[in-house]
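Coordinate inspection notes
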Amino acid sequence: MIEYPDADRLMAGELGIWLSEQAQVRELAIEKSNSRVFKAGLVLLPLAAFLWILAPIDFQAKFFLTLVAFGGTWVWTQGPKREARKQVKTGINEAIASALGLTYSHDCDGSEAFEKSRKFRLLPSYDRARFEDLWSGETAGHPFELHETHLEERRGSGKHRRWVTVFRGAILSVGFKQSFHGTTLLARDGQFSKLFGGAKDSVKLDGVVLDRADMVSPEFEDRYDVYTSDQTEARWMIHPEYIERLLAVEQAFGGRDSAVLFTGGKMVLALPGADLFESGSLDPAEDRIRIAETITQFARLADLALTLNRIRPGAAA
């Protein structure tokens, strides 16, 4: 069983001292952003007045130029606040990770788990990917990796082209002491559909042929389609306790349409949901609450990842 750090204990130690030192940094960031807003207003407001009153261009062009100018200015004015929040968030999450025997990095690239998620269609198609909040190391003796992923797709045409979020959530992988005999995929219900309805009998992903497996739980059947290269292994692997935990975690994070892959010696989970691990705040009074929230978010995901290994026949706790 993982022993998670206590928010009050962290605040009473080195983290609390460091956060108290960051109070002035946050105040200066707010002042700098406010100063930028004032300066930008002195420049933008006269320009906007000229554009809308005197400039001989059509309404659509005026609206577009105004939107771009004010949008870019807002990004610039809020820069100091973003940097301060990022600095505080990184310090807090590094302290939590250290207490768990893990490492944390705010900025990161894709991972092996992300590549597996992409190749086995745990994720939707996308045109742009961004990653952050990488937690890695060992948890309860198992290799563990978790990071956030934001996927976007370019849609529309001409002036109406825009970036649309198609996935925001966590990509998580945990290693097991024994490799799986086959590959098993918990796909979203109806993801692999026949031309005239119904789930496909088999799919080929990353060179592996997976056949559909019937499961006994009606609630499970309504949420997932199971494809596997080993029917026997899939039936004892997808334990009701594990499915209940997965559905509970989905609900806790406000997500749905998670997908899970078991292959080699790892489980990979793609869990849509809210923005996670946002422990950084410009208000020092919020530090303790945000630390506790981050610990809770991490604990739910880590416990889910380890549940299957604990209930797997012959597995050690």
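Report on the accompanying structure. (Residues numbered from 1 in each chain as written. Predicted model: local features only at pLDDT ≥ 70, side-chain atom pairs only at ≥ 80, totals over all residues. Heavy atoms only, no water.)

1. Brief notes about the packing of helix H2 (residues 14-53) against helix H3 (residues 59-77)
- Where H2 contacts H3, the two axes come as close as 10 Å, and the packing angle between them is 170 degrees. By the angle between their axes, H2 is roughly antiparallel relative to H3. Where H2 approaches H3, its residues Ser 33, Arg 36, Val 37, Ala 40, Leu 44, Ala 48, Leu 51 and Trp 52 are matched on the opposing element by Phe 59, Lys 62, Phe 63, Leu 65, Thr 66, Ala 69, Phe 70, Thr 73, Trp 76 and Thr 77. (Axes fitted to C-alpha atoms, helices over the stretch in contact; angles between N-to-C directions. Helix = DSSP H or I, 4+ residues; strand = E, 2+ residues; numbered from the N terminus. Parallel < 35°, antiparallel > 145°, perpendicular 65-115°, else oblique. Contact = heavy atoms within 4.5 Å.)

2. Section: the packing of aromatic side chains
- One pass over the structure, following the stated rule, counts eleven aromatic pairs.
- For the ring pair Trp 52 and Phe 59, a centre distance of 5.5 Å and an interplane angle of 70 degrees mean the geometry is edge-to-face.
- Note on Phe 59: relative accessible area 58%, which makes it exposed.
- These aromatic residues form a ring-pair network of at least three members: Tyr 104, Trp 135, Phe 144, Phe 277 and Phe 298.
- Taking NZ or CZ as reference, Arg 128 lies 3.9 Å from the ring centre of Trp 163, over its face. (Phe/Tyr/Trp six-rings, centres within 6.5 Å; stacked < 30°, edge-to-face > 60°. Buried < 20%, exposed > 50% of the residue type's maximum accessible area, 1.4 Å probe, protein only. Lys NZ or Arg CZ within 6 Å of the ring centre and 35° of its normal.)

3. Section: the sheet that holds strand E9 (residues 259-263)
- The ten strands are arranged E1-E2-E3-E4-E10-E9-E5-E8-E7-E6 in an open sheet whose pairing can be described as antiparallel. Each end of this open sheet is capped by a strand with a single partner; those strands are strand E1 (102-107) and strand E6 (202-205). Each adjacent strand pair in this sheet contributes to an overall mean axis angle of 20 degrees, direction not counted.
- Looking at chain direction, strand E2 (residues 128-139) and strand E3 (residues 142-155) are connected through ten bridges and run antiparallel. Note that in E3 the partner of Glu 132 across the bridge is Glu 148. (Pairing = 2+ DSSP bridges.)

4. Describing the pattern of salt bridges
- According to the stated counting rule, one finds 14 salt bridges in the structure shown.
- Here Asp 287 and Arg 26 are joined by a salt bridge, their closest N and O atoms 3.0 Å apart. Pair noted here: Asp 287 is in helix H9 (residues 287-311) and Arg 26 is in helix H2, with a separation of 261 residues, a long-range link. For the pair Asp 287 and Arg 26, one class covers both residues: buried.
- Two residues, Glu 286 and Arg 290, come together in a salt bridge whose shortest N-O distance is 3.0 Å.
- Residue classification places Glu 286 among the partly exposed residues on the basis of a relative accessible area of 29%.
- Given a relative accessible area of 24%, Arg 290 falls into the partly exposed group.
- Among the charged side chains, a salt-bridge network with shared partners connects Lys 89, Glu 132, Asp 133 and Glu 278. (Salt bridge = Lys/Arg side-chain N within 4 Å of Asp/Glu carboxyl O.)

5. A look at the side chain of Thr 183
- Within the element layout of this structure, Thr 183 appears in the loop between strand E4 (162-175) and strand E5 (184-188).
- Look at Thr 183 and you get buried, because its relative accessible area is 8%.
- Side-chain polar atoms of Thr 183 contact the side chain of Thr 263, separated by 3.1 Å.
- If near-sequence neighbours (up to four positions away) are discounted, Thr 183 is found in contact with Phe 120, Val 208, Leu 210, Tyr 227, Thr 228, Ser 229, Leu 261, Phe 262 and Thr 263. (Polar contact = N/O pair within 3.5 Å; in protein donor to acceptor, adjacent residues only side chain to side chain.)

6. Thoughts on the packing of H2 against helix H4 (residues 79-99)
- One can describe the packing of H2 onto H4 by two numbers: an axis separation of 7 Å at closest approach and a directional angle of 165 degrees. With respect to each other, H2 and H4 are oriented roughly antiparallel. Viewed along their axes, H2 and H4 form a crossing whose handedness is left-handed. Side by side, H2 and H4 meet where Leu 15, Trp 18, Leu 19, Gln 22, Val 25, Arg 26, Ala 29, Ile 30, Lys 32, Ser 33, Asn 34 and Arg 36 of the first sit next to Pro 80, Lys 81, Ala 84, Gln 87, Val 88, Gly 91, Ile 92 and Ala 95 of the second.
- Looking at the contact of H2 with H4 residue by residue, the classes come out as eleven nonpolar, five polar and four charged. (Left-handed = near helix turned anticlockwise from the far one by under 90°. Nonpolar A, V, L, I, M, F, W, Y, C, P; charged D, E, K, R; others polar.)

7. A look at the nonpolar core
- Grouped together as the largest cluster of nonpolar side chains are 53 residues, with contacts concentrated most on Leu 146, Phe 262, Met 267, Ile 291, Phe 298 and Leu 301.
- Of the residues forming this core, the biggest block, ten residues, is contributed by H9.
- Dropping the residues within four chain positions of it, Leu 301 is found in contact with Leu 146, Ala 170, Leu 172, Val 249, Phe 253, Leu 271, Leu 276 and Phe 277.
- Counting residues in each nonpolar core, the second largest holds 23 residues, with Ala 113, Leu 123, Leu 261 and Val 268 among its members. (Core = buried A, V, L, I, M, F, W, Y, C linked by side-chain atoms within 4.5 Å.)

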